[in-house]
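# Structure assessment
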2 protein chains.
Amino acid sequence: MKYGRFDQQGRIFYGRVEGDSVVELDGSPFDTFRVTTKRHALASLKTLLPCVPGNFYCAGLNYLAHIEWGNARKGTNKKPPEKADVGYRSNNALIGTGETIVIPADSPGPVQYEGELVAVIGKKARNLTEADALSCVLGYTLGNDVSDRGWQASDRTLWRAKNCDTWKPMGPFITTGLDPMNLTVSVNVNGEQAAEYTTDKMLFSAQHYIAEITSYMTLWPGDVIWLGTDNATLPDLKHGDVCEIVQKDIGVLRNPVVRAGA
Amino acid sequence: MKYGRFDQQGRIFYGRVEGDSVVELDGSPFDTFRVTTKRHALASLKTLLPCVPGNFYCAGLNYLAHIEWGNARKGTNKKPPEKADVGYRSNNALIGTGETIVIPADSPGPVQYEGELVAVIGKKARNLTEADALSCVLGYTLGNDVSDRGWQASDRTLWRAKNCDTWKPMGPFITTGLDPMNLTVSVNVNGEQAAEYTTDKMLFSAQHYIAEITSYMTLWPGDVIWLGTDNATLPDLKHGDVCEIVQKDIGVLRNPVVRAGA
């Protein structure tokens, strides 16, 4: 099943995506809903951000080849994390598919994409085991963890390195029934494949992250966990580019890039 | 003016606190509202968390004496931050006044309070100057940035050092018209004053934080910025304690402490 959130001339609703059409829901997949008889052409609707999370978690470093590539690029010697210590991003930065990534005029850059798998929580959960962890997941979507590598090096926190307005595209849909540890995520820049990786290479699995988080924290419907990215994240993003994060069962998260004042 | 959010036998509303009574509002101070003629005894209502933020910002280290005390305690040599790089906390951890701070059974400790002034945003804002920064603030409340110093030292991020469920008490009320740089915040543990500081010692002012944030990020109504704490944060919190954060115009944020399984 593939869920999305849609805007039809200002009216906002959740829907079930079936091929090129959307069956309108009365209610939301995060709560209770009724499937209506209203069917729309997908192309006639604006696809919105699929949810606004109450808590926005991210794995940060969760793939070895991405860490090694970062070390080679920066001459650093960052070790792979020893534990699944979760990080945070902030809602101000979220945009949906089709919306524009804006690079601030004073961004030192380089600005790079990070294509990520995102677990979307559907049920309140606490103290789950790894065996039960996926029981609280509604489904999976895609995220682009847009990052300014200059600010990432110069700032004490990741605030503007990761959380400038528009720097967290997420979507397009939430797909249920996937195995989060057996997916292929790819990235296109201007229509050409720039990166591809498989989620079986996660250092800490989706199950492990969820079990760890729920040892201390309640997961709530709509919370999201961004699960990290692998490999190099090149080419750098620049004014006029279009960046797509792609997974065949979830869809294409497509965002144009502009530089403010360019 | 002092605003609060209240529960009267399951009915939730915003109100204006006037001495020992609450005048019910129809609507919210974050949007539009009408002052009703309904008046309640404050003691007859449950005071709730004053807002659920869309974005939860914190200054982290923002007072010199607290940094120096931390260095002396831990034998570290942490420098004061050179810039107002903002950090994040997470909504799962928020509780209102009167609710219980729960220390997980496996918390290595010590667990300590941090009494903080909190700026509560009332209006959407972007690109404010320091001179205009406070124009987006609805008012100020109090926060207790409960922290496990063991996890703070051992973990890559502050996830469970700062964000365990119940570890972010906030409230009781939001008071308008205060000068955030000229307030006295104090902390009582079991009825005895444990700490006191004045907000004029902030390394970076509320105005500066807001101006910096809005250079890159939109502030939204209900967003909060926790502005840091000064001095030592002793005694350590333990099972059976009651911790109060106090500011005379805002009120008393009072939370009992228990240890899970104790």
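Residues numbered from 1 in each chain as written. Chains lettered and ligands numbered in written order. Predicted model: local features only at pLDDT ≥ 70, side-chain atom pairs only at ≥ 80, totals over all residues.

### Some remarks on the domain arrangement of chain A
Size of an interface, as often reported, equals the accessible area lost when the parts are brought together. Residue and element names in this part refer to chain A. Put simply, the rule reads: For each domain, the first and last residues come from an automatic or database assignment. Contacts are defined on C-beta atoms placed from the backbone: any two residues whose C-beta positions lie within 7 Å are in contact. A run of H or I in DSSP becomes a helix once it reaches four residues, and a run of E becomes a strand once it reaches two; helices and strands are each numbered from the N terminus.
Segmenting chain A into domains produces domain 1 (1-48) and domain 2 (49-259). The distance between the C-alpha centroids of domain 1 and domain 2 comes to 25 Å. With 11 residues of domain 1 at the interface, the matching set in domain 2 holds 18 residues. Listing elements by their share of the side of domain 1 that touches domain 2, those giving two or more residues are strand E1 (2-8) and strand E5 (46-48).

### Focus on the confidence of the model for chain A
Short version of the rule: Every residue gets a pLDDT, meaning the predictor's confidence in that residue, from 0 to 100.
Residues of chain A with pLDDT of at least 70 account for 100%, and the chain-wide mean is 97. Quick note on the complex model: pTM equals 0.98, ipTM equals 0.97.

### Quick look at the relation of the copies chain B and chain A
Threshold: Superposition of the copies was done by least squares, using only C-alpha atoms of residues whose pLDDT is at least 70 in both.
Rotating chain B by 180° and moving it 0.0 Å along the rotation axis overlays it on chain A with an RMSD of 0.0 Å. In the structure described here, the two chain copies are related by an operation that fits a two-fold rotation axis. When the interface residues of chain B are mapped onto chain A, 100% of them are again interface residues, pointing to one common binding face.

### Focus on the sheet that holds strand E19 (residues 251-259) of chain B
All names here are of chain B. Condition: The pairing criterion is simple: DSSP has to find at least two bridges between the two strands. What counts as an axis is a line fitted to C-alpha atoms, over the stretch in contact for a helix, and the angles between N-to-C directions run from 0 to 180 degrees.
Across the sheet, which stays open at both edges, the 5 strands sit in the order E9-E19-E18-E15-E16 with mixed pairing between neighbours. Pairing within the sheet leaves two strands with one partner each, and these edge strands are strand E9 (101-103) and strand E16 (192-198). This sheet shows a mean twist of 20° between the axes of neighbouring strands, independent of strand direction. Bridge count between strand E15 (residues 184-189) and strand E18 (residues 242-247): 4 bridges; the pairing is antiparallel. Bridge pairing links Asn-188 to Glu-244 in E18.

### Regarding the nonpolar core
Formally: Each nonpolar core comprises buried Ala, Val, Leu, Ile, Met, Phe, Trp, Tyr and Cys residues, the members being joined through C-beta atoms within 7 Å. Counting other C-beta atoms within 10 Å of a residue's own tells you its class, since 20 or more makes it buried, 12 or fewer makes it exposed, and anything in between is partly exposed; those C-beta atoms are placed from the backbone.
Counting residues in each nonpolar core, the largest one holds 150 residues, and the members touching the most others are Val-118, Ala-119 and Val-120 of chain A together with Val-118, Ala-119 and Val-120 of chain B. Residues within four places of Val-120 of chain A in sequence aside, it is in contact with Cys-51, Val-137, Leu-138, Gly-139, Tyr-140, Thr-141, Ile-174 and Val-224 of chain A.

### Re the interface of chain B and chain A
The interface of chain B with chain A comprises 23 residues on the first partner and 23 residues on the second. At the level of secondary structure, the elements contributing two or more residues to the side of chain B that touches chain A comprise strand E7 (87-88) and helix H3 (159-162) of chain B.

### Structural notes on the sheet that holds strand E19 (residues 251-259) of chain A
Residue and element names in this part refer to chain A. Taken in spatial order, the 5 strands make up an open sheet running E9-E19-E18-E15-E16, and their pairing is mixed. The sheet terminates laterally at strand E9 (101-103) and strand E16 (192-198), the two strands that pair on one side only. Along the sheet, successive strands turn relative to each other by an average axial angle of 20°, direction set aside. In terms of strand pairing, strand E15 (residues 184-189) meets E16 through 6 bridges, oriented antiparallel. In the strand pairing of E16, Val-187 is matched with Ala-195.

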